[in-house]
Structures are given as C-alpha cells and as structure tokens.
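# Fold and geometry: a report
In case you want the letters, here they are:
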Amino acid sequence: MYSISFLMSATPLYKSSSILKNPKPEAQFTVRHSNKENPIMEKCKSFLVFPLLINVLCLFLLPQPILSNELNEFTRQPPRRVIFTTHDRSESDPQQVHISLVGQDHVKVSWITEDKHAPSTVEYGTVSGEYSEKARGHHTSYQYFLYSSAKIHHVSIGPLEPSTTYFYRCGGSGPEFSFKTPPADLPIEFVVVGDLGQTEWTASTLKHADSEDYDVFLLPGDLSYADTHQPLWDSFGRFVEPYASRRPWMVTEGNHEIESFPTTYPNSFTAFNARWPMPFKESGSTSNLYYSFEVAGAHILMLGSYTDFGVDSDQYEWLQADLARVDRSKTPWLIALLHAPWYNTNTAHQGEGEGMRRAMEDLLYNARVDLVFAGHVHAYERFTRIYNNKPDPCGPMYVTIGDGGNREGLALKFKNPASPLSVYREPSFGHGRLRIANETDAHWSWHRNNDADAVEADNLWIHSLSSSRECWNPSRDEL
Ligand SMILES: *[C@@H]1O[C@H](CO)[C@@H](O)[C@H](O)[C@H]1NC(C)=O
Ligand SMILES: [Fe+2]
C-alpha cells in the first residue's frame, strides 16, 4: 500500500451547460460593500472627452480587464462583479486589519490609517475589553505613480499561548478585533484558496470557508487583482478584514502582485510587500517573495514563481538550506505553495510553471514534500503523486486551487484526453481544506461554490511521506 489512499468521493464534473447558466445572485454577503462603482473609474469616464494624454492616463488607471486580451482566451462561467468595499470608519480608526504568523508564538497585526499621526501600537489580552499587554511596531507607506498609500502599520505581538482567543485593538482606537491562535500540536486545519480577487464569487468562497472552524488561511498568490489600480488594494484589505483579522493569512505572490512598470517600478511588488509582509527574515530568506514557516506539525514552504528560482538564485539556495533545517520528527508534514502550477492539464497557462519545475522539482522530491498547492489556473485540479511527469509514490501530490472567485472568471477548458496523472478536475469556484489529523494522516477536501451553498465535491485521506516505509529512511542524511 502506497502513501495515497483513494478513498475519495468524487462527484462527476458539471455538464458545461449547467456551468454556463447564469447563476442566481447571492442573497446576502458577510462583507460590507457599496453598490457604487469605483470612483476613479467614474472620474476617468468623465475625463474621456479630454485630450489624448488624459485618455492614456485614464486607460492606465482603469482596471486591467479592459486592457487585457486574456479574457478572450476561454469561454468561462460568468464572473461576478467586483465589490468595491468603502471605508466607513474615522480617519484615525484602523482599517484593513489582517494578521499573519511570525515565528512559533507571535502574530503580526497589520492595518492602515488615513491619519498619519495614528500610533503603531496594539493592545491585546485574553479578555474582551481588557488589554493586559501592549506592543509597539513600525509603519511604512508607499508611492505608486499618483497614488500615495495611507499609513501602513505592522506590529508583532506575543509571546502568545496556542489555541487561545485574543482580543485586540489597533492604535488605541476603533473597534475591537479577535483571533484564535493555532494549536501547538496536531491536529490543525488549513483553508487553501488561490486567485482570490474581490468579487461576489469571492464573497461566497470566503463565507463558505468560514462556515467551519479552521486555524490558518493559505493563499498561493493573486490577492486583490488591483492590477496597478491601487485603491483596489485598499478595497481588498477592507473586503477581507472580517476574515483576515480573525485567522492568520499566509500568502505568497502571484503574477497579479507584480505591478511592475518599465523604468519606474521595474521590480515592483510595491503594494504587496508594503501591505502583506510575511515572516521571511525569520526563515532566513532575504525576500518577502519566498519564505517558510512552521505551525503545529507542518513545515510550509511559500515559494515565489515570479522571482528568480534557477540553481544560482537566492531562492534556490535559501530553499536548499531551509529544507536541510526541516526536522520531520517535529514537523512530519512538509507542504509547498507556489503560484504557477508545475502540473496542469488545463488549456490555460500551459507550461508557465515548467521552468521552475525543472529547477526545483528535485529539491522538493528528495526532501519528500507531501503536497504542492498552486493557483494561477482558475479551476480545481488534483493530481496523483508525481515525480518528473510520472506517477511516483514518493513524490508530492499536486493540487491546483486557483478558483477563489476573481473577476477574470474560470478556466473552463481542460486538455483531452485526460492525463492519467490528473485524478479530478473541475472548473468551478470553491475552496480547499487540509485537516492534518496526526503525523501520519491528513484529510484533503475541495468545496465547490454552488451559489449560496458549499458542496464537498472531492476528498481523500493522505498519508505523510515521513511515515512511509518505502519513501522515508531517516538515515538518508546526505539528502
Ligand atoms: C491518525 O488519524 C487517522 C485518521 O483519523 C486515524 O485513523 C489513525 O489511527 C491516527 N493515527 C494515530 C497514530 O493516532
Ligand atoms: Fe495568476
């Protein structure tokens, strides 16, 4: 018996006709939103009577779908509209509050204030309204063409107790938030969603993910789909706050985070790095674009598809060193997230992850990575365990989960005939859940958005490679 058991209860693919039917709108959203169109778009429309220069400027400021020909590549299930989430607190009140894990027992609280004098402090404690602790952090801001960000605060708090609810307030004013710290040991549950965006579909996905308790949110790239239009980063921060202020969100970059512009912002990731800094220094990385962290019994690699990954690159060297530090007796589960999938039978984005696969697959395979999650392709696809394009009981199981609900819609077309490596594929929005029960067993499930309901469409139990007699020999130190 190898390390995957296919106890799956896969329901058949939707018929494409039922996908293409325009679904009923959601009855309600958990996320506050306004029906107003985005104000900059409105302004641009009124400018369009003005001369060429202004037109060009407006075209640049407008969201990308208008410019992008990517939309024409597929026949997709109708995307739903973008929700622009407005700011309805005072200038000094925190907005866009979100948290991330830092080291074993700290949490970073990030938020934004329009008031430049608002302090970068967090008061917190285990009783609502009573803050026994106070921590001070730092702030930053950035400029992107005509846009100046508000004050972006980041404060690490801790040491915190595991599996404990903390109440906190940012900058001494505004609403109280709370979160639950992850457990110190297994079991632990992750929600995994890529290519999130901020549409009505995203709202369903997040609501479904939240309908059952979980510990940490994992996002393999493509967050806001702001696509250089910076106010959409602010809108995204407000949109996800009800979730991201309550559970740690650990993210890595996708192509939509790049936002580069020749000469002015050549390397960019400006907004992403300023707003969503991850604990990269803590894992010995020199870049927010790749890092690792440990939680309960899992070591999680957050890799960067949009920075150098070749054998001479910093990322490659860091990954090698990071893998050498993994202690499977402490973290029996080893999981990687990256944006552009290495294995993909969808017609969308074919081959885009191939360079990185060629460079790094051996490292992951030899380290016995259990699972690799990717985004980018707007569909769900689960593969068997693979190494070098062949089924391999000691390779990672690959999952594409780029179906969070962004405005570009779904990648509907899969290549036929289906590759035997691909076990389940379906172009629907949804979210995944990885519940690691103990050091040997984990349960993976994928939940399709059926309008207002979430339906578990695919699930299976997975055995860890570190507990596999065939694949794991603790004396293989030379790896
Ligand atoms: C691990 O969890 C699985 C699934 O719940 C269970 O069947 C198994 O007995 C557990 N193993 C140990 C060592 O507790
Ligand atoms: Fe992408």
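Shown above is the structure to which this text applies.
Residues numbered from 1 in each chain as written. Chains lettered and ligands numbered in written order. Predicted model: local features only at pLDDT ≥ 70, side-chain atom pairs only at ≥ 80, totals over all residues.

### A look at unusual backbone geometry
Which entries qualify depends on this criterion: Every helix listed is a DSSP run of H or I at least four residues long, and every strand listed is a run of E at least two residues long, numbered separately from the N terminus.
Proline 159 follows glycine 158 through a cis peptide bond whose omega is 0°. Its place among the elements puts proline 159 in the loop between strand S9 (151–157) and strand S10 (165–170). Note the cis peptide between asparagine 416 and proline 417, where omega equals -5°. Within the secondary structure layout, proline 417 lies in the loop between strand S21 (397–401) and strand S22 (422–426). A positive phi is found at alanine 296, a non-glycine position, where the angle reads about 45°. Note on placement: alanine 296 falls in the loop between strand S15 (291–295) and strand S16 (298–302). Located in the positive-phi region is arginine 368, a residue other than glycine, with phi close to 60°. Within the element layout of this structure, arginine 368 appears in the loop between helix H8 (354–366) and strand S18 (371–374).

### Notes on the sheet that holds strand S3 (residues 106–113)
The condition is simple: A pair of strands is labelled paired if DSSP reports no fewer than 2 bridges between them. Only the contacting stretch of a helix is used when fitting its axis, a line to C-alpha atoms as for every element, and angles between N-to-C directions run 0 to 180 degrees. For every residue pair, C-beta atoms are placed from the backbone, and the pair is scored as a contact if these atoms sit within 7 Å.
The sheet built from 4 strands is open, its strands ordered S2-S3-S9-S6 with antiparallel pairing. Of all the strands in the sheet, just strand S2 (95–102) and strand S6 (138–140) have a single pairing partner and so form its edges. Neighbour to neighbour, the strand axes of the sheet diverge by 20° on average, direction disregarded. Where S6 meets S9, 3 bridges bridge the pair, whose relative direction is antiparallel. Along S9, the bridge assignment pairs histidine 138 with histidine 154. Relative to S2, helix H5 (residues 231–244) is tilted by about 60°, and along the sheet it contacts S2 and S3.

### Topic: H8
What counts here: Helix span, expected: 1.5 Å multiplied by one less than the number of residues in the helix. Note that bend, as reported per residue, equals the angle between axes fitted to the 7 residues terminating at that residue and the 7 residues originating from it. To sort residues by burial, count the other C-beta atoms lying within 10 Å of each one's C-beta; a count of 20 or more means buried, 12 or fewer means exposed, and anything in between means partly exposed. C-beta atoms are built from the backbone.
Its 13 residues give H8 an end-to-end C-alpha distance of 18 Å, which sits within 8% of 18 Å, the value for a rise of 1.5 Å per residue. Considering bend angle alone, the principal kink of H8 is centred on methionine 360 and spans about 50°. Residues Met356, Arg357, Met360, Glu361 and Leu364 constitute the buried set of H8. Looking at the buried residues of H8, the elements they touch are helix H7 (314–325), strand S17 (333–337) and S18.

### As for the environment of glutamine 95
Residue position: glutamine 95 is located in strand S2. According to the C-beta neighbour criterion, glutamine 95 is buried, with 22 such atoms within 10 Å. Taking the C-alpha atoms as reference points, glutamine 95 and isoleucine 152, 57 residues apart in sequence, are found 9.7 Å from one another. Residues in contact with glutamine 95, not counting those within four places in the same chain, are His87, Arg89, Trp111, Ile112, Gly237 and Arg238.

### Comments concerning the site of ligand 1
Selection rule: Each residue gets a C-beta atom placed from its backbone. Should that atom fall within 6 Å of a molecule or strand, the residue is termed near it. Side-chain classes are defined by residue name, with Ala, Val, Leu, Ile, Met, Phe, Trp, Tyr, Cys and Pro counting as nonpolar, Asp, Glu, Lys and Arg as charged, and the others, Gly among them, as polar.
All residues adjacent to ligand 1 are Ala437, Asn438, Thr440 and Asp441. A class-by-class count of the residues in the shell around ligand 1 yields 1 nonpolar, 2 polar and 1 charged.

### Let's talk about the pairing of strand S19 (residues 380–387)
In terms of burial, S19 is largely enclosed, as 7 of its 8 residues are buried. Pairing of S19 with S21 involves 4 bridges; the strand directions are antiparallel. When the sheet's bridge partners are listed, arginine 385 is paired in S21 with methionine 397. Relative to S22, S19 is paired through 4 bridges, and the arrangement is antiparallel. Its bridge partner lying in S22, tyrosine 380 is registered against glutamate 426. For S19 and strand S20 (residues 390–391), the ladder comprises 2 bridges, and the chain directions are antiparallel. Following the sheet pairing, isoleucine 386 is matched in S20 by proline 391. Between the end of S19 and the start of S20, which pair antiparallel, lie 2 residues, with asparagine 388 showing a positive phi angle near 50°.

### Quick look at the pairing of strand S4 (residues 121–125)
Where burial is concerned, the two faces of S4 differ: the one with Val122 and Tyr124 is buried and the one with Thr121, Glu123 and Gly125 is not. Both S4 and strand S5 (residues 133–136) contribute to a ladder of 4 bridges, which runs antiparallel. Paired with threonine 121 across the two strands is arginine 136, which belongs to S5.

### Quick look at H5
Over its 14 residues, H5 runs 19 Å from end to end, which matches the ideal 20 Å to within 8%, given 1.5 Å per residue. At arginine 238, H5 is deflected by roughly 30°, the largest bend along its length, and proline proline 242 occurs up to four residues later in sequence. Most of H5 is tucked away, with 11 of its 14 residues classed as buried. Looking only at H5, the buried set comprises Leu232, Trp233, Asp234, Ser235, Phe236, Gly237, Arg238, Phe239, Val240, Glu241 and Ala244. Those residues of H5 hidden inside the fold are in contact with S2, S3, strand S14 (249–251) and helix H6 (270–275).

### A closer look at the packing of H7 against H8
Put simply, the rule reads: Small angles under 35 degrees read as roughly parallel and large ones over 145 as roughly antiparallel, with 65 to 115 read as roughly perpendicular and the rest as oblique.
As a packed pair, H7 and H8 sit with axes 10 Å apart at the nearest point and diverge in direction by 10°. Between H7 and H8, the interaxial angle falls into the category roughly parallel. Facing H7, whose interface residues are Tyr316, Leu319, Gln320 and Leu323, H8 presents Ala359, Met360 and Leu363. When its residues are assigned to classes, the contact of H7 with H8 shows 6 nonpolar, 1 polar and no charged.

### Some details on the environment of serine 90
Here serine 90 shows up in the loop between helix H3 (52–61) and S2. A tally of 12 C-beta atoms within 10 Å means that serine 90 is categorised as exposed. Placed 83 residues apart in sequence, serine 90 and serine 173 show a C-alpha to C-alpha distance of 9.7 Å.

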